[in-house]
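# Notes for the structure review
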Amino acid sequence: MTKYGSFPGTRPRRLRTTPVMRRMVAETRLHPADFILPAFVREGVSEPVPISSMPGVVQHTRDSLKKAAVEALEAGVSGIMLFGVPEDAKKDAVGTPGTDPDGILQVALRDVRAEVGDELLVMSDLCLDETTDHGHCGVLDDQGRVDNDATLERYAEMAQVQADAGAHVVGPSGMMDGQIGVIRDALDQIGREDVAVLAYTVKYASAFYGPFREAVGSSLRGDRKTYQQDPANARESLRELALDLEEGADMVMVKPAGPYLDILARVADASDVPVVAYQISGEYSMIEAAAEKGWIDRERAILESLTGIKRAGAQNILTYWATEVARNLR
């Protein structure tokens, strides 16, 4: 074969020749400790309830949730993030089940903490959307608008109740202005300086939340565009980051993950605390649906999506595949 000049003089393909070569030079590696498992626990059910839009994911009973927590622990997952689904009849305008010590989330926190102790981080969603009859993340004023400052009072009480129930980490996800500072103060006032705050710093008003609405039995009417971020905006994310860090966030999150890898990279570059990304329900369901159709290789697509999130700067990832992937990595 005729050679033209000295090209190719450099051959990057030498580092792609075999699986062991590719493994050795890989720049990004997934590890079981990277993962946090989101899990739903539903009040008043005797068997796990499959979520039709999230194949393989269920609304747990209290007993099946404990089993899922142990499985995550044994797989090497770092944490489990709990979402409570109360009975519809118990929802009200102010989300009373969210601050009731016997509300389903608080009961589940005690259950899981008793099961795993300090070996698995027990984390709690700190938001009102699962517990309000209108489905918004806060209380409403007389005009039907989410009242930011009245909501902060509810968040403060929720933080204290969740800490008392055993949460190692609380995750305020409502995108209310000032929520991190108020929650940090509320925890410190009851002597719970040990409870960490994972700030949902960047949370976009995304179309990819659809399956999650089924998972938590959402009562939402309308949308959350007045408090979640506009997908068109990027600089706004760094402003939110600066505010959350100033208010005392121990970790920060970008949500969703896949459609916002550029935002995740910006936040990771600017943050001096651990950065977490949430691979949300719609991201999960798209891969599962395409795999079920035979259009993509399921296992490869899962690992590629997670590798991309970590490569963009996430130290930890909330993913519904946490236990499965962690097992396969061990």
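Overview of the structure. Within each chain, residues carry numbers counting from 1 in the order of the written sequence. In keeping with the predicted nature of the model, local features appear solely for residues at pLDDT of at least 70, side-chain atom pairs appear and are counted solely at 80 or more, and the whole-chain, interface and lining totals rest on all residues. To get the side-chain values, take all heavy atoms of the structure and skip hydrogens and water.

On to the overall build of the chain. Helix and strand assignments come from DSSP, with helices taken as H or I runs of at least 4 residues and strands as E runs of at least 2, each series counted from the N terminus. Check the secondary structure of the chain and you find 11 helices and 10 strands. Here the chain has a C-alpha radius of gyration of 21 Å; the compact-globule value for 330 residues is 20 Å, and the two agree. In terms of its C-alpha atoms, the chain occupies a principal-axis envelope of roughly 80 × 45 × 40 Å. Taken across its 330 residues, the chain has 51% of its residues classed as buried. Only the protein chains shown count as cover for residues, with accessible areas throughout obtained via the Shrake-Rupley method and a probe of 1.4 Å. Of the roughly 15,600 Å² of accessible surface on the chain, a fraction of 49% belongs to carbon and sulfur atoms. Within these notes, the globule rule equals 2.2 Å times the number of residues to the 0.38 power, and the radius of gyration is based on C-alpha atoms. Burial classes follow relative accessibility: with a 1.4 Å probe on protein chains only, a residue under 20% of its type's maximum area counts as buried, one over 50% as exposed, and anything between as partly exposed.

A separate point is the packing of helix α3 (residues 104-116) against helix α4 (residues 148-165). Under this scheme, a helix contributes an axis fitted over its contacting stretch, all axes are lines through C-alpha atoms, and angles between N-to-C directions fall in the 0 to 180 degree range. Running from N to C, α3 and α4 point in directions that differ by 30 degrees, and their axes come no closer than 8 Å. By the angle class used here, α3 and α4 are roughly parallel. Contacts between α3 and α4 involve Leu105, Gln106, Leu109 and Arg110 from the first element and Val161, Gln162 and Ala165 from the second. Three residue categories are used. Nonpolar comprises Ala, Val, Leu, Ile, Met, Phe, Trp, Tyr, Cys and Pro, charged comprises Asp, Glu, Lys and Arg, and polar comprises the others, including Gly. By residue class, the composition of the contact of α3 with α4 is four nonpolar, two polar and one charged. Comment on the angle field: the value is read as roughly parallel under 35 degrees, roughly antiparallel over 145, roughly perpendicular from 65 to 115, and oblique elsewhere. We call two residues contacting when some pair of their heavy atoms lies within 4.5 Å.

To continue, consider the packing of aromatic side chains. Classification of ring pairs rests on two measures: the distance between centres of Phe, Tyr or Trp rings, Trp counted by its six-membered ring, which must be within 6.5 Å, and the angle between planes, read as stacked under 30 degrees, edge-to-face over 60 and tilted in between. With the rule as written, the count across this model stands at six aromatic pairs. Where Phe40 meets Phe83, the ring centres are 5.5 Å apart and the plane angle is 40 degrees; that geometry is what we call tilted. With Phe40 in strand β1 (residues 35-42) and Phe83 in strand β4 (residues 79-85), this pair connects stretches of sequence that are 43 residues apart. Neither Phe40 nor Phe83 differs from the other in exposure class; each is buried.

With that settled, consider the pairing of strand β9 (residues 275-278). Residues Val275 and Ala277 point to one face of β9 and Val276 and Tyr278 to the other, with burial holding for every one of them. Here, any two strands with at least 2 DSSP bridges between them count as paired. Pairing of strand β8 (residues 251-255) with β9, which is carried by three bridges, proceeds in the parallel orientation. When the bridges of β9 are listed, Val254 appears paired with Ala277. Crossover handedness for the path β8 to helix α8 (residues 261-270) to β9: right-handed. By convention a crossover is right-handed if, when the strands point away from the viewer, the path from the first strand over the helix to the second runs clockwise.

Its place among the elements puts Ala33 in the loop between α1 (19-24) and β1. Looking at Ala33, the relative accessible area reads 31%, which means it is partly exposed. Setting aside chain neighbours within four positions, we find Ala33 in contact with Gly76, Ser78 and Asn316.

In this structure, the amide linkage connecting Lys255 to the following residue, Pro256, adopts the cis form with an omega of -5 degrees. Backbone geometry places Met175, a non-glycine residue, at a positive phi of 60 degrees. For Met175, the position within the fold is in the loop between β6 (169-172) and α5 (179-189).

Attention shifts here to the pattern of salt bridges. Salt bridges are identified by distance alone: a Lys or Arg side-chain nitrogen within 4 Å of an Asp or Glu carboxyl oxygen. Summed over the entire model, instances satisfying the criterion amount to 17 salt bridges. When salt bridges with common partners are traced through the structure, they connect Glu288, Arg298, Glu299 and Glu324 into a single cluster.

Now for the pairing of β4. It is a general feature of regular strands that their side chains alternate between the two faces of the sheet. Counted residue by residue, β4 has seven buried out of seven residues, so it is predominantly covered. Every second residue of β4 is oriented toward a common face, with Gly79, Met81, Phe83 and Val85 on one face and Ile80, Leu82 and Gly84 on the other, all of them buried. The pairing of β1 with β4 spans seven bridges and is classified as parallel. Along β4, the bridge assignment pairs Ala39 with Leu82. Pairing of β4 with strand β5 (residues 121-126) involves four bridges; the strand directions are parallel. Residue pairing across strands places Leu82 opposite Ser124, the latter belonging to β5.

Listed in full, the buried residues belonging to helix α11 (residues 322-329) are Ala322, Thr323, Val325 and Ala326. End-on view of α11: buried residues confined to an arc of 165 degrees, all on one side of the axis. Along the arc lie the directions from the helix axis toward the C-beta atoms.

It helps to recall that an α-helix has 3.6 residues per turn; residues three or four apart then point in one direction. If you check helix α2 (residues 62-75), its first and last C-alpha atoms are 20 Å apart, about what 14 residues at 1.5 Å a residue would give, namely 20 Å. What α2 keeps buried is the set Ser64, Leu65, Ala68, Ala69, Ala72 and Ala75. Each buried residue of α2 lies within a common arc of 145 degrees when the element is viewed along its axis, so the set occupies one face. Counted as exposed and oriented over 90 degrees from the buried face of α2: Asp63, Lys67 and Glu74. Turning to α2, the residues buried within the fold contact β1, β3 (58-60), β4, α3 and α11. Looking one or two residues past α2, Gly76 carries a phi angle of roughly 95 degrees, positive in sign. Given the number of residues in a helix, its expected span is that number minus one, multiplied by 1.5 Å.

In this structure, His60 sits in strand β3. In this structure His60 comes out as buried when scored by relative accessible area, which is 14%.

It is at 8 Å that the axes of α2 and α11 come closest, and there the two elements cross at 30 degrees. Regarding the angle of α2 to α11, the classification is roughly parallel. Crossing angle aside, the handedness with which α2 passes α11 is left-handed. Judged by residue contacts, Glu71, Ala72 and Ala75 of α2 engage Thr323, Ala326 and Arg327 from α11. When the near helix sits turned anticlockwise from the far one by under a right angle, the crossing is termed left-handed; a clockwise turn instead gives a right-handed crossing.

Just distances and angles here, no functional claims.
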